[in-house]
Amino acid sequence: MVFLLLICNFDLRSKVLTSKKLKILLVFCSLNRTFAPNMTPQEYVQLKAFARQDGALLSLLWIGGFACYILGLSSPMLGLAAMVLICATPFFAASRLRHFRDYGREGIISFARSYAYTVLIFFYAGVLLAIAIYLYFAFMDNGFLMGKIIETTQSPEGRKIIEMYGMGAKMDENIKLLAGMRPIEFALNMLTINIITGFILGVPIAAIMQRNTVKN
């Protein structure tokens, strides 16, 4: 029933992505170069090369989590697996940053470079996940997700939870918005969320993984 509560509390109207917002986010993400001062062109190429590889690995984690979420609508165990995979995101990103620091930067990396690297990982992973989500909703879903949501909201347990929180009207509105969303909107909304998440989680991850001296 977790996803039912999420739908109740999630204001979909605030998450509908316009092309203007997407352009702003992509431009902001492209400015990650400014977070790594004193970086030579070769070092910047190295940063992006490592980040692309690790972003691809992170996308596999996210795509696995998304697949478990969809299948978890019919199997609680897979739903739990989806939660575990998503919660593992910051730890996985930190481990890949540590790998870059130790093997790409010889054990030394600044906060600014660590932050830029983390943001890039989330960006590249977000793009690949967005592609996977688009393909799923465009060619595979066939109304499965909406069917499960409606089935849950119409069940006695679902109605009880909705009435308990007094969110019947908001639930109906969000269901209508979900039903009207196109595959590209699902994909771009998720891309936006992941980019923003990268900027937020990048701060603690970079703060923990930065190192100014090599450990003996």
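This section reports on the structure supplied with the text. Note that residues are indexed from 1 along each chain, following the sequence as it is written. With pLDDT at 70 or above as the cut-off, local features in this predicted model cover only qualifying residues; side-chain atom pairs require 80 or more to be listed or tallied, and sums for whole chains, interfaces and linings still use all residues. Neither water nor hydrogens contribute to the side-chain values; these are computed over all heavy atoms in the structure.

So, the pattern of salt bridges
In the sections that follow, a salt bridge refers to a side-chain nitrogen of Lys or Arg positioned within 4 Å of a carboxyl oxygen of Asp or Glu. Scanning the entire structure with this criterion turns up seven salt bridges. Here D102 makes a salt bridge to R101, at a shortest N to O gap of 2.9 Å. Using a relative accessible area of 5% as the deciding quantity, one classes R101 as buried. Overlapping salt bridges bring together E43, R105 and R113 as one network. Buried, partly exposed and exposed residues are distinguished by accessible area as a fraction of the type maximum, computed with a 1.4 Å probe on protein chains only: under 20%, between the cut-offs, and over 50%, respectively.

A short note on the nonpolar core
Generally speaking, soluble globular proteins have nonpolar side chains that are buried together. Counting 46 residues, the largest nonpolar core has L47, F66, L97, Y117, I133 and F137 as the members making the most contacts within it. Helix and strand labels come from DSSP, where a helix needs a run of H or I of at least four residues and a strand needs a run of E of at least two; each type is numbered from the N terminus. Sorting the residues of this core by element identifies α3 (41–72), α5 (89–104), α6 (111–139), α7 (144–154), α9 (168–180) and α10 (183–209) as the ones contributing at least two each. Contacts were defined at the residue level, with two residues in contact if any of their heavy atoms lie within 4.5 Å. Apart from the residues within four sequence positions on either side, I133 is in contact with F66, F186, A187 and M190. Among the buried residues, those of types Ala, Val, Leu, Ile, Met, Phe, Trp, Tyr and Cys that are joined through side-chain atoms within 4.5 Å form a nonpolar core.

Some remarks on the packing of aromatic side chains
Only centres within 6.5 Å qualify two rings of Phe, Tyr or Trp (six-membered ring in Trp) as a pair; their planes then separate them into stacked at under 30 degrees, edge-to-face at over 60, and tilted for everything else. Scanning all chains against the criterion turns up ten aromatic pairs. When the centroid spacing of 6.5 Å and the interplanar angle of 45 degrees are considered together, the rings of Y115 and F199 count as tilted. In this pair, Y115 sits in helix α6 while F199 sits in helix α10, placing the two residues 84 residues apart along the sequence. Using a relative accessible area of 9% as the deciding quantity, one classes Y115 as buried. Overall, F199 belongs to the buried group, its relative accessible area being 12%. With 4.2 Å between their ring centres and 10 degrees between their planes, F137 and F186 make a pair best called stacked. Placement of the pair is F137 in helix α6 and F186 in helix α10, with a sequence separation of 49 residues.

Some points on unusual backbone geometry
Even without glycine at this site, E106 takes up a positive phi of about 55 degrees. Here E106 shows up in the loop between α5 and α6. Judged by relative accessible area, which is 65%, E106 ranks as exposed. Backbone geometry at N142 places phi at a positive 50 degrees, although glycine is not the residue there. Tracing the sequence through the fold places N142 in the loop between α6 and α7. Given the relative accessible area of 72%, N142 is considered exposed.

With respect to the packing of α3 against α6
Interaxial angles span 0 to 180 degrees and are taken between N-to-C directions of axes, which are lines fitted to C-alpha atoms, for helices over the stretch in contact. Between α3 and α6, the shortest axis-to-axis distance is 6 Å and the interhelical angle comes to 40 degrees. When the axis of α3 is compared with that of α6, the two are oblique. Seen along the crossing, α3 lies across α6 with a hand that is right-handed. All residues other than Ala, Val, Leu, Ile, Met, Phe, Trp, Tyr, Cys, Pro, Asp, Glu, Lys and Arg, Gly among them, are scored as polar; the first ten of these are nonpolar and the last four charged. Its residues placed into classes, the contact of α3 with α6 shows 22 nonpolar, three polar and five charged. Each angle receives one of four descriptions, namely roughly parallel if under 35 degrees, roughly antiparallel if over 145, roughly perpendicular if within 65 to 115, and oblique otherwise. Should the near helix be turned anticlockwise from the far one by less than a right angle, the crossing is left-handed, and should it be turned clockwise, the crossing is right-handed.

Description of the environment of L129
Its place among the elements puts L129 in helix α6. Residue L129 is classed as buried on the basis of its relative accessible area of 5%. Sequence separation between L129 and L191 is 62 residues, and the spatial gap between their C-alpha atoms is 7.5 Å. In this structure L129 touches W62, I63, F66, M190 and N194, once residues within four positions along its chain are discounted.

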